[in-house]
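In case you want the letters, here they are:
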Amino acid sequence: MPMELVVNSTSPPTVKFTEAGATGTLWADVDAYVVMPNATRTYVFTIAMIGHGKGSVGFSYPNITGKVTSMSVDMKLKQSDIGPFSLILIRPLVNIFIESGVIPNLNELGKKGFPIPQMDGLTFINPVVSLGKDYIRLESDLKYTPTR
């Protein structure tokens, strides 16, 4: 029978910046359901997950960009209607999912980046992004071309 997984964030994610790069943590519960032949869902179990990630920050005009370099997940069985079971067999599948699905998708979003505010006529020349304790710094020469 098919299964359905429902992911719910249990706390706001955190992102921290240091000179070495960016780190992030997110907390979520994954509820598993079996989809019955009549299309109803039957609850099976909940796994509590804490995801940890590391990455880098860059600049691709006019966006701040990012790249996830590593990610890991801590898991524990939170509740089960089928009795206790070990997560040992699930961990390798989660790691494969992270490496082949989550990280590539996050990196695609990171390539697009987030636009920084701009003023008409200003262009960044030789921009450099650097990180410090809890901040991102963008340094650049500017070129002004009047728009009219």
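Residues numbered from 1 in each chain as written. Predicted model: local features only at pLDDT ≥ 70, side-chain atom pairs only at ≥ 80, totals over all residues. Heavy atoms only, no water.

Participant: Describe the environment of Val-94, and please don't skip the residues or the numbers.
Facilitator: Among the structural elements, Val-94 can be located in helix H1 (residues 90-112). By relative accessible area, which is 15% here, Val-94 ends up buried. When the C-alpha atoms of Val-94 and Gly-55 are compared, they prove to be 19 Å apart, with 39 residues separating the residues in sequence. Excluding anything up to four places from it in sequence, Val-94 contacts Met-49, Val-73 and Met-75. (Helix = DSSP H or I, 4+ residues; strand = E, 2+ residues; numbered from the N terminus. Buried < 20%, exposed > 50% of the residue type's maximum accessible area, 1.4 Å probe, protein only. Contact = heavy atoms within 4.5 Å.)

Participant: Summarise the pattern of salt bridges; cite the residues concerned and give the values.
Facilitator: In this structure the tally under the stated criterion is five salt bridges. Here Glu-4 ties to Arg-41 by a salt bridge, and the two come within 2.5 Å at their closest N and O atoms. Note that Glu-4 is positioned in strand S1 (residues 3-18) and Arg-41 in strand S3 (residues 41-60), a separation of 37 residues in sequence. (Salt bridge = Lys/Arg side-chain N within 4 Å of Asp/Glu carboxyl O.)

Participant: Hey, could you go over the sheet that holds strand S5 (residues 114-115) for me, with residue numbers and the actual values?
Facilitator: Spatial ordering of the open sheet is given by S1-S2-S3-S4-S5, a layout of five strands whose pairing is antiparallel. Of all strands in the sheet, those bounded by a partner on one side alone are S1 and S5. As paired elements, S3 and strand S4 (residues 63-80) share 16 bridges and run antiparallel to each other. Looking across to S4, one finds that Gly-53 is bridged to Met-71. (Pairing = 2+ DSSP bridges.)

Participant: So what's going on with H1? Which residues, and what values?
Facilitator: The terminal C-alpha atoms of H1 lie 32 Å apart, and with 23 residues this matches the ideal 33 Å at 1.5 Å per residue to within 8%. Along H1, the largest kink reaches about 40° and is centred on Ile-98. Taken residue by residue, H1 has Val-94, Ile-98, Gly-101, Ile-103, Asn-107 and Gly-110 as its buried positions. Residues of H1 that are buried make contact with S3 and S4. Once H1 finishes, Gly-113 follows within two positions and takes phi at roughly 75°, a positive value. (Expected span 1.5 Å × (residues − 1). Bend = angle between axes of the 7 residues up to and from the residue.)

Participant: I'd like to hear about the packing of aromatic side chains, residue by residue, with values.
Facilitator: One pass over the structure, following the stated rule, counts five aromatic pairs. Consider the rings of Phe-45 and Phe-85, whose centres lie 5.1 Å apart with planes at 70°: the pair is edge-to-face. Placement of Phe-45 in strand S3 and of Phe-85 in the loop between S4 and H1 is noted, with a sequence separation of 40 residues between them. Taking 6.3 Å as the distance between ring centres and 70° as the angle between the ring planes, the aromatic pair formed by Phe-59 and Tyr-61 counts as edge-to-face. A relative accessible area of 18% places Phe-59 in the buried class. An aromatic cluster of three or more residues is present, and its members are Phe-59, Tyr-61 and Phe-124. (Phe/Tyr/Trp six-rings, centres within 6.5 Å; stacked < 30°, edge-to-face > 60°.)

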